[in-house]
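The residues making up each chain are set out below.
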Amino acid sequence: YFTSPRKKMKRNKQLDDAAAKEPVKDEPVTIKIKLAVANFSGYNLSDVTPGSVSDSVRATFTGNSRYIVIDRGVMENTFSQKGLPVSGCTDLPCILNMGRAVEVDKVIVGKLTQKIVIQNEVQVETMFVTLVAVDIENARVEFSETVRCEPASKWQPKVNALAGRMMDRLRK
């Protein structure tokens, strides 16, 4: 049995038209959250840089399909053009200006503080990492939590877990 190419094309078009008319069933609508992860600030740090921690948080959010993460270079360029600080922005009005400048739903800021803690007569470098998510439209803090990383050099698993908890709680 032989079907001419013209008949095949016509049949394929009929199938395509029929598929286009059928409603899609039970397909959830996903609203993506557009966010910016600002460069974190740090105090008394020795080995860890705030940039490496903010990059890790940025990568965690980038790996989740619910979020559209603004590129750090684009953010820094926009901030410098508009006269906004690239890092160290911790008060609400500054964060809101940052979010509006890059047109996002949320801005994540962070602060790292390193301290020497004595445990059993041994000095241990301990780092405290605070992540804060600000909802730009409602001008409110939506999430804020601090983790203790001991020793300071072992920060990545705790910060990634904190970023994961933040991802679960943020809403559009």
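Calculation notes
Residues numbered from 1 in each chain as written. Predicted model: local features only at pLDDT ≥ 70, side-chain atom pairs only at ≥ 80, totals over all residues. Heavy atoms only, no water. Axes fitted to C-alpha atoms, helices over the stretch in contact; angles between N-to-C directions. Helix = DSSP H or I, 4+ residues; strand = E, 2+ residues; numbered from the N terminus. Parallel < 35°, antiparallel > 145°, perpendicular 65-115°, else oblique. Left-handed = near helix turned anticlockwise from the far one by under 90°. Contact = heavy atoms within 4.5 Å. Nonpolar A, V, L, I, M, F, W, Y, C, P; charged D, E, K, R; others polar. Salt bridge = Lys/Arg side-chain N within 4 Å of Asp/Glu carboxyl O. Buried < 20%, exposed > 50% of the residue type's maximum accessible area, 1.4 Å probe, protein only. Pairing = 2+ DSSP bridges. Expected span 1.5 Å × (residues − 1). Arc of directions from axis to C-beta. Polar contact = N/O pair within 3.5 Å; in protein donor to acceptor, adjacent residues only side chain to side chain.

Draft legend 1. Here's a closer look at the packing of helix H2 (residues 50-62) against helix H5 (residues 155-169). Where H2 contacts H5, the axes come no closer than 9 Å and their chain directions differ by 45 degrees. Taken together, the axes of H2 and H5 are oblique relative to one another. Two packed elements cross with a definite hand, and for H2 against H5 that hand is right-handed. Where H2 approaches H5, its residues Ser52, Val53, Ser56, Val57, Thr60 and Phe61 are matched on the opposing element by Trp155, Gln156, Val159, Asn160, Ala163, Met166 and Met167. The residue inventory of the contact of H2 with H5, partitioned by class, reads eight nonpolar, five polar and no charged.

Draft legend 2. Expanded view of the pattern of salt bridges. Under the criterion given, the structure shown has six salt bridges. When the shortest N-O distance is used, the salt bridge between Arg58 and Asp55 registers 2.6 Å. Of this pair, Arg58 and Asp55 are both found in helix H2, three residues apart, which corresponds to roughly one turn of the helix. One salt bridge in this structure joins Arg148 and Glu150, with 2.8 Å as the shortest N-O distance. On the accessibility criterion, Arg148 (39% relative accessible area) is partly exposed. Residue classification places Glu150 among the partly exposed residues on the basis of a relative accessible area of 30%.

Draft legend 3. Fine view of the pairing of strand S5 (residues 122-135). Most of S5 is tucked away: 10 of the 14 residues are buried. Two elements, strand S4 (residues 106-119) and S5, share 14 bridges in a ladder whose sense is antiparallel. Paired with Thr113 across the two strands is Phe128, which belongs to S5. The turn joining S4 and S5, which pair antiparallel and follow one another in sequence, is formed by two residues; a positive phi near 50 degrees is taken by Asn120.

Draft legend 4. Up close: the pairing of strand S1 (residues 33-37). Summarising burial for S1: four of the five residues are buried, a large majority. As defined by bridge partners, S1 adjoins strand S3 (residues 67-69) across three bridges and the pair is classed as parallel. In the strand pairing of S3, Leu35 is matched with Val69. Pairing analysis gives three bridges linking S1 to S4, with the strands arranged parallel. Residue pairing in the sheet places Val37 in a bridge with Ile108 of S4.

Draft legend 5. Local environment of H5. With 15 residues, H5 extends 21 Å from end C-alpha to end C-alpha; this agrees with the ideal 21 Å at 1.5 Å per step. Buried within H5 are the following residues: Trp155, Val159, Leu162, Ala163, Gly164, Met166 and Met167. Looking at the buried side of H5, the elements it contacts are H2, S3, S4, S5 and strand S6 (140-149).

Draft legend 6. Representation of helix H3 (residues 72-81). If you check which residues of H3 are buried, you get Met75, Thr78 and Phe79. On an axial view of H3, the arc spanned by its buried residues comes to 100 degrees, and they lie on one face. Residues of H3 that are buried make contact with S1, H2 and helix H4 (92-101). N-capping of H3 is provided by Asp71, with a side-chain oxygen placed 3.0 Å from the backbone N of Gly73. One or two steps after H3, the chain reaches Gly83, where phi turns positive at roughly 75 degrees.

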